[in-house]
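Examining the three-dimensional arrangement
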Amino acid sequence: MQFLISKNMHGGGIIRIFFIIAAISLLLDWYVFNGFRTFTLDWQSVRLRQLVNWGYLVVSVGVTVVFIFGFGSFTTARGMTPFHEWVLSLFLTFLVTKIIFVLILFLGDIGRFFYGLAENIFKPKGKVIEPFFPARRKFISEIAILTAAIPLTGFLYAMFKGKYDYKVHRTTLYFNDLPDAFDGFTITQISDIHSGSFDNTEAMQRGIDLAKAQKSDLFVFTGDLVNNAAWEIEPYINNFGQLKAPYGQFSILGNHDYGDYIEWASDAEKAANLDKLKQHHKELGYRLLLDENVEIEKNGQKICLIGVQNWGSGFIKIGDLDKALRGVDKDAFKILLSHDPTHWEEKVRHNPTTIHLTLAGHTHGAQFGVETAGFRWSPVQYRYTDWAGLANEKNRYLYVNRGFGFLAFSGRLGIWPEITVITLKKGENQG
């Protein structure tokens, strides 16, 4: 989303797009306004009728106006701020709600049209039917309001509560060749912090406290520390620096960490930003793995932790898995940190070198969807085969974290922010 906005702003096309969206939104407002007038038509209080009808129009049109002028302040040198994300989110909330309302109302109006048409075609000779089409019935407006209240409530929950409603997902994986010393070894993973989007430090800290409470042996972060610029993480270094583990804290870069989605004054400035971000990883206490590997030793036995720079289908591809594997014993138990799950799909799962477990993020699960015991859906599944949770290809596992933060849409609904806890066990796969 942010990349598309930046690209269109640079080309001037965003202005036309915003005017088209605004025009559509205003047309919907006119239709909804008339629906509210039908709903309030029999109210005895004229003042209350006007308050509801015109109050809706003022709020809804106001949101559209703020959306247009808010993004008029958008600069590709800075990217989306929490303000822009809130403006976009409120506009989308009202737009989707209005579309649902209008669809219900329109179906009722189609019924009125055909009923009136039939009445006049088949009326007895000489009979006059006034009006030609019957008036809109109040219960249609009531149904439209009740139906539209569902997405409105959902979106508002997503924005005010859902984006900080952290969930712990626990997964136990069994491997025959896991060193005995690592039987029961635990890993806490978070991904996609997107620190430039946070608007509630206290709520964010609850997620950090929940991750700390897992008391895992190892902590890993799988990319997208910021939206665009290194300064975005600076207010939160003390917060995320609290995440410690006995066997260390390790991290990698994600596609947003390279600063590719905003404009820089020069290549040197962009490079300096990346260097600064790498320094912030050190300040957080994270060992940043840049196409390299490190051994984790316990009771004289070892596993190998590998980290690559971003490699993703349709995104920046600079991660070098071959380089990262240099010096790694082919029989070693290997865990790979790789931000984008398409790297596992295209480069890892069929690699001649067996990598037992890959930990990724990137998709956010679209921050919207449904996950129940027997059903999972998110719009992101039309872009990514593996978009959340566990995947397995002949005992080569991928786990995709749903993300700790949020981006563009300042909310989450159904796909909640995630803290992953993986337990490694010695033995045959149990499921």
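This is a predicted model, so every value here is computed, not measured.

Moving on: the pairing of strand β13 (residues 396-400). Most of β13 is tucked away, with 5 of its 5 residues classed as buried. The two faces of β13 match: Arg396, Leu398 and Val400 on one face and Tyr397 and Tyr399 on the other face are all buried. Bridge count between strand β9 (residues 357-360) and β13: 4 bridges; the pairing is parallel. Along β13, the bridge assignment pairs Leu357 with Tyr397. As defined by bridge partners, strand β12 (residues 389-393) adjoins β13 across 5 bridges and the pair is classed as antiparallel. Looking at β13, one finds that Gly389 is bridged to Val400.

Turning next to the pattern of salt bridges. Overall, the coordinates contain 16 salt bridges when judged by the stated rule. Between Asp29 and Lys98 there is a salt bridge, with its nearest N and O atoms 3.1 Å apart. Note that Asp29 is positioned in helix α2 (residues 13-39) and Lys98 in helix α4 (residues 82-121), a separation of 69 residues in sequence. Considered together, Asp29 and Lys98 belong to a single accessibility category, that of buried residues. The partner of Arg287 in a salt bridge is Glu292, and the shortest N-O contact between them spans 3.3 Å. Here the salt bridges do not stand alone but share partners, grouping Glu371, Arg376, Arg402 and Glu418 into one network.

The next point concerns the sheet that holds strand β14 (residues 418-426). Within a sheet, adjacent strands bond to each other through the backbone by hydrogen bonds, running parallel or antiparallel. As summarised here, the arrangement of the 6 strands in space is β1-β14-β2-β3-β4-β5, forming an open sheet in which the pairing is mixed. With one partner strand each, in any of the chains shown, β1 (167-175) and β5 (287-288) form the two edges of the open sheet. With 2 bridges connecting them, strand β4 (residues 249-252) and β5 associate as parallel partners. Within β5, the position partnered with Phe250 by the bridge is Arg287.

On the surface, Phe106, Leu107, Ile110, Phe113 and Phe114 cluster together into a nonpolar patch covering about 500 Å² of accessible area. A relative accessible area of 37% means that Phe113 is categorised as partly exposed.

Overall, mixed pairing links the 6 strands, which are arranged β6-β7-β8-β9-β13-β12 in an open sheet. Two strands lie at the open edges of the sheet, namely β6 (292-298) and β12, each paired on one side alone. In this sheet, adjacent strand axes meet at a mean angle of 20° when their direction is disregarded. On top of the sheet, helix α10 (residues 341-348) reaches β8 (334-337), β9, β12 and β13; it is set at about 160° to β13, its chief contact.

The subject of this paragraph is unusual backbone geometry. The phi dihedral of Asp291 falls on the positive side, at around 55°, and the residue is not glycine. Among the residues examined, Asp291 registers a relative accessible area of 5% and is labelled buried. For Asn299, which is not glycine, the phi torsion reads 50° and is therefore positive.

Between its terminal C-alpha atoms helix α5 (residues 138-160) stretches 32 Å, which fits the 33 Å expected from 23 residues at 1.5 Å a residue. Of all the bends in α5, the greatest, near 25°, is centred on Ala149, and the proline Pro151 appears no more than four residues after it. The complete set of buried residues in α5 reads Ile140, Ser141, Ala144, Ala148, Pro151, Gly154, Phe155, Ala158 and Met159.

Quick notes on the rules
Residues numbered from 1 in each chain as written. Predicted model: local features only at pLDDT ≥ 70, side-chain atom pairs only at ≥ 80, totals over all residues. Heavy atoms only, no water. Buried < 20%, exposed > 50% of the residue type's maximum accessible area, 1.4 Å probe, protein only. Helix = DSSP H or I, 4+ residues; strand = E, 2+ residues; numbered from the N terminus. Pairing = 2+ DSSP bridges. Salt bridge = Lys/Arg side-chain N within 4 Å of Asp/Glu carboxyl O. Patch = residues over 30% accessible without salt bridge, like charges linked within 9 Å, V, L, I, M, F, W, Y side chains within 5 Å. Areas by Shrake-Rupley, 256 points an atom, 1.4 Å probe, with all protein chains shown as cover. Axes fitted to C-alpha atoms, helices over the stretch in contact; angles between N-to-C directions. Contact = heavy atoms within 4.5 Å. Expected span 1.5 Å × (residues − 1). Bend = angle between axes of the 7 residues up to and from the residue.

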